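# Inside the fold
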Amino acid sequence: AHHIRRRRRACEAEVALDALWRSPAAAVVQQLECGQVTPAKLIDVAVRRIAATNAATNAVVTLCEERARARAASFAQSGGAPGPLFGLPVLVKDNQAVAGVRCTAGAPMHATRIAATTHPLVEALEAAGGVVLGVTNMPEHAAGSHTFNPVFGATHNPHDLGRTAGGSTGGGAA
């Protein structure tokens, strides 16, 4: 019963679209589940946030917006996204292949590689209702404690651009 009351309060809350990027994923999923926001609107919010910050952070190295919008449209046509993510946009690391999307692992030898298949982890995210919006930077072959590579360069900490975002998931962290 406590869980249900919590959901009802979340469903009654106002949705400030431009502030959603600050919200915990669980809270955004509740907004999706309640129908107060759509996957398409969340993609809009995320794309605007990436556009506003990525030049400084270099966190997102490949955006697959058309693919994400097509998936969101398919949810709208079928009556909704599957749970438990209900259409939440997600970013995946550049070593987690997404069919049809560039997957470099930060390595020059793979700089132009387009994935032919989707990694099982990404398949699981999508089966749970996740919408892959893009790919994040990482150290070459995920081997390093700081995120930089010869393909995309360094990812910077969004709180202090002079500092590292860490690794090996620095792009995802930023």
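In short, a report on the structure. (Residues numbered from 1 in each chain as written. Predicted model: local features only at pLDDT ≥ 70, side-chain atom pairs only at ≥ 80, totals over all residues. Heavy atoms only, no water.)

## Points about helix 3 (residues 39-57)
Remark: the principal bend of helix 3, roughly 35 degrees, maps to Ala51. Among the residues of helix 3, Pro39, Leu42, Ile43, Val45, Ala46, Val47, Ile50, Asn54 and Thr57 are the ones counted as buried. In the stretch just after helix 3, Asn58 is the one whose phi turns positive, near 55 degrees. (Bend = angle between axes of the 7 residues up to and from the residue. Helix = DSSP H or I, 4+ residues; strand = E, 2+ residues; numbered from the N terminus. Buried < 20%, exposed > 50% of the residue type's maximum accessible area, 1.4 Å probe, protein only.)

## Examining the packing of aromatic side chains
Under the criterion given, the structure shown has zero aromatic pairs. When the ring centre of Trp21 is taken as reference, the NZ or CZ atom of Arg49 above it lies at 3.5 Å. (Phe/Tyr/Trp six-rings, centres within 6.5 Å; stacked < 30°, edge-to-face > 60°. Lys NZ or Arg CZ within 6 Å of the ring centre and 35° of its normal.)

## Regarding the layout of surface pockets
The computed volume of the largest pocket comes to approximately 820 Å³. Together, 30 residues line the largest pocket, and Trp21, Ala46, Arg49, Ile50 and Leu91 are the ones closest to its centre. For the lining of the largest pocket, the elements supplying multiple residues, two or more each, are helix 2 (25-34), helix 3, strand 2 (89-93), strand 3 (131-136) and helix 6 (170-173). Here the element with the most residues in the lining of the largest pocket is helix 3; it accounts for nine residues. Broken down by class, the residue content of the lining of the largest pocket amounts to 21 nonpolar, eight polar and one charged. Counted as a void, the second largest pocket has a volume near 170 Å³. Together, 14 residues line the second largest pocket, and Thr38, Pro39, Phe75, Ala76 and Gly80 are the ones closest to its centre. Secondary structure elements with two or more residues in the lining of the second largest pocket: helix 2, helix 3 and helix 4 (65-78). With four residues, helix 4 is the largest single contributor of residues to the lining of the second largest pocket. Classifying every residue of the lining of the second largest pocket gives 10 nonpolar, three polar and one charged. (1 Å grid on protein atoms, 1.4 Å probe; cavity = no way out; pocket = protein on both sides within 12 Å on 5 of 7 lines; lining within 4 Å. Points joined across faces, edges and corners; volume = space filled by probe spheres on them. Nonpolar A, V, L, I, M, F, W, Y, C, P; charged D, E, K, R; others polar.)

## Thoughts on helix 2
Looking at helix 2, one finds that the buried residues are Val28, Val29, Gln30, Gln31 and Leu32. In the stretch just after helix 2, Gly35 is the one whose phi turns positive, near 80 degrees.

## Overview of the pairing of strand 7 (residues 160-164)
Consecutive side chains of a regular strand alternate in pointing toward one face of the sheet and then the other. With two bridges joining them, strand 6 (residues 156-157) and strand 7 adopt antiparallel strand pairing. Across the sheet, His156 pairs through a bridge with Thr164, a residue of strand 7. Turn length for the strand 6-strand 7 hairpin, with the two strands adjacent in sequence and antiparallel, is two residues. (Pairing = 2+ DSSP bridges.)

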